[in-house]
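Secondary and tertiary structure notes
As a plain string of letters, each chain reads:
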Amino acid sequence: MRFYSTRDRHTAYTFTQAVQLGLAPDGGLFLPETIPGLPDGFVQALPNLSFVEIATVMATPFLKTEFTEAEIVEMVEAAFPFSAPVVPLNNQYSVLELFHGPTLAFKDFGARFMAQVLQRVVERLSRPLTILVATSGDTGSAVAHGFWKKQGIRVVLLYPDGMVSGIQEQQLTTLGENIIALKVQGTFDDCQRLVKTAFLDETLRQQLRLTSANSINIARLLPQSFYYAAAIGQLGGLEQPVIFSVPSGNLGNLTGGILAAKMGLPVHRFLAALNRNDVFREFLQEGYFKPRKVIPTISNAMDVGNPSNLERIRALFNDDITAIRQTIEAYHFDDDATRHAIAHAYETHHYVFDPHGAVGYLAARTYAQTRKDVHVVVLATAHPAKFNSVIQQVLGKEAPTPERLARWLTRQGQPYPISAHFEVFKAFLLELPSV
Ligand SMILES: *Cc1c(COP(=O)(O)O)cnc(C)c1O
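Residues numbered from 1 in each chain as written. Predicted model: local features only at pLDDT ≥ 70, side-chain atom pairs only at ≥ 80, totals over all residues. Heavy atoms only, no water.

**Section: the pattern of salt bridges**
Two side chains of opposite charge can pair, provided their charged atoms sit close to one another. Applying the stated criterion across every chain, the model contains 15 salt bridges. The residue Lys426 makes a salt bridge to Asp201 at a minimum N-O spacing of 3.0 Å. Taken together, the residues Lys426 in helix H20 (residues 422–430) and Asp201 in the loop between helix H8 (188–199) and helix H9 (202–208) connect sequence positions 225 residues apart. We note that Lys426, like Asp201, is buried. Beyond isolated ion pairs, a larger network of salt bridges with shared partners links Asp278, Arg281, Glu282 and Arg292. (Salt bridge = Lys/Arg side-chain N within 4 Å of Asp/Glu carboxyl O. Helix = DSSP H or I, 4+ residues; strand = E, 2+ residues; numbered from the N terminus. Buried < 20%, exposed > 50% of the residue type's maximum accessible area, 1.4 Å probe, protein only.)

**Quick word on the site of the ligand**
Taken together, 15 residues are adjacent to the ligand, and Lys107, Asp138, Gly249, Leu251 and Thr381 come closest. Between the ligand and Gly249, the relevant distance is 2.8 Å, taken from an oxygen atom to a main-chain nitrogen or oxygen of the residue. Leu251 is positioned with one of its backbone polar atoms (N or O) 2.8 Å from an oxygen atom of the ligand. Here the ligand has 380 Å² of accessible area as a free molecule, and 98% of this is covered by the chains. The pocket occupied by the ligand, as judged from atoms lying within 2 Å of grid points, is the largest cavity. Of the residues assigned to the shell around the ligand, the class counts are six nonpolar, seven polar and two charged. (Near = heavy atom within 4 Å. Polar contact = N/O pair within 3.5 Å; in protein donor to acceptor, adjacent residues only side chain to side chain. Areas by Shrake-Rupley, 256 points an atom, 1.4 Å probe, with all protein chains shown as cover. 1 Å grid on protein atoms, 1.4 Å probe; cavity = no way out; pocket = protein on both sides within 12 Å on 5 of 7 lines; lining within 4 Å. Sits in = over half its atoms within 2 Å of the grid points. Nonpolar A, V, L, I, M, F, W, Y, C, P; charged D, E, K, R; others polar.)

**Points about the side chain of Lys426**
Residue classification places Lys426 among the buried positions, given a relative accessible area of 15%. Setting aside residues no more than four positions away along its own chain, Lys426 makes contact with Asp201, Thr203 and Leu204. (Contact = heavy atoms within 4.5 Å.)

**Looking at the pairing of strand E7 (residues 153–160)**
Most of E7 sits inside the fold, with eight of its eight residues counted as buried. Side chains Ile153, Val155, Leu157 and Tyr159 project from E7 onto one buried face, and the interleaved Arg154, Val156, Leu158 and Pro160 project onto a second face that is buried too. Examined bridge by bridge, strand E6 (residues 129–134) and E7 share six bridges and lie parallel to one another. Bridge pairing links Leu132 to Val156 in E7. Each parallel crossover has a hand, and for E7 linked through helix H7 (residues 166–173) to strand E8 (residues 179–185) it is right-handed. (Pairing = 2+ DSSP bridges. Right-handed = clockwise from strand over helix to strand, strands pointing away.)

**Notes on the packing of aromatic side chains**
If you walk through the whole model with that rule in mind, you get 21 aromatic pairs. Between Phe3 and Phe15, the ring centres sit 5.5 Å apart and the planes meet at 50 degrees, which makes this aromatic pair tilted. Here the residue Phe3 occupies a position in strand E1 (residues 3–5), and Phe15 occupies one in helix H1 (residues 15–21), the gap between them amounting to twelve residues. Judged by its relative accessible area of 0%, Phe15 falls in the buried class. Measuring from ring centre to ring centre gives 6.0 Å for Phe113 and Phe226, while their planes differ by 90 degrees; the resulting arrangement is edge-to-face. With a gap of 113 residues between them, Phe113 in helix H5 (residues 107–125) and Phe226 in helix H11 (residues 223–234) connect regions that are remote in the sequence. Members of the aromatic cluster, joined through ring pairs, are Phe51, Phe80, Phe82, Phe109, Phe113, Phe226, Tyr227, Tyr228, Phe244 and Phe270. The ring of Phe317 has Lys262 sitting right over it, with the charged end atom 4.1 Å from the ring centre. Between Arg371 and the ring centre of Tyr367, over which it is positioned, the NZ or CZ distance is 3.9 Å. (Phe/Tyr/Trp six-rings, centres within 6.5 Å; stacked < 30°, edge-to-face > 60°. Lys NZ or Arg CZ within 6 Å of the ring centre and 35° of its normal.)

**Considerations on empty space enclosed by the protein**
Counted by the stated rule, this structure contains two cavities of 30 Å³ or more. Taken as a whole, the largest cavity holds about 260 Å³ of empty space. Taken together, 24 residues line the largest cavity, and the ones lying closest to its centre are Phe106, Lys107, Gly249, Asn250 and Ala301. Contributing elements (two or more residues each) for the lining of the largest cavity: helix H6 (138–147) and helix H12 (252–263). Taken together, the residues of the lining of the largest cavity sort by class into ten nonpolar, twelve polar and two charged. The calculated volume of the second largest cavity comes to roughly 60 Å³. The residue makeup of the lining of the second largest cavity, split by class, is six nonpolar, no polar and one charged. (Points joined across faces, edges and corners; volume = space filled by probe spheres on them.)

Note that all results are geometric; they support no functional claim without further evidence.
Listed below in structure tokens is the structure:
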């Protein structure tokens, strides 16, 4: 399988090249040259397959020219020692819990799989890498954990000052070793711009062998298709059409779902559940895209004004807006509605959503209100305990903090404050000691 840029269908790259480049040299995002179909009988067999088995089958067509079958199984097993359980709320709604990894958010799926791939690339080439990650919170900690202490790999994280939660900042800044956390005086979009500019900078590219681990990386995108299949499997032979409600920001999670559907997974529709940063809804409505300034919200990992994966979604649909509208519907909600939804889900179903999942729950209810014969799966992208200040405010009590999170709260972080000017960032990178 070869990969091409969304901006140039004629230059082919191998998977490992695409993973190391992150962004294509022309500034586009990588996509596979063809979308492989799921094997015959796979969908029917899903209820009997483990997550690792599902992931292996779905990863193989993309990786098999560069990795052996044994390597693929090894990578998948090492990346996913945790599950993605589906919790039913009633016969109309379920929750797909994606927060059972070490950093309690769905980004563990992509980041840990990518770490497995890159570790093998570094071993083969015996050349060190520097990974740049712009993060609105969860990406950075998932990547940092995935790559922590991995030989020959250095991770530089950029996060917006004052726009990640206390726990998120702890998770980003307390690892140390090969993980460097930069607190950027700017927004998440500034962080993304710094990373994108760094990749287009010849000096940096040559001296540091930069790799991106953002959701733009193809190695993060692929595993975000696996759990959609695992969810369908857990729903068993459900008769109703299945809808996925995806709390969205940079649209990577949603793009993973679309990839799974294009491979042949039976999905009736996707809901892009947005907070007030609803540029994607506007795009679907107007038919053209206009980036916007970020508005801070309580679902902060979705505070994105220029979602990079939109370019991939458009490419996957040959930029046919009608086809995109037939597959994806977008809904947006403000913080008040989100808080009410957390209370509503608790009162009605005894289920505690984090603010991101709550936006997904709102989209699900809005969609299903007028359509009784559907089943909506809400993706719970983070554990509620990561956002306990909101949960406390709404429910009058906190969500119990899992042990794997509690451990971080006792450590002392080491952030490096830095301005959002590219030249400052570049100078910092060039002065880093070699790995
Ligand atoms: C990153 C993140 C999102 C948004 O996912 P995208 O792939 O950027 O659309 C939603 N919820 C949580 C908790 C996240 O960390």
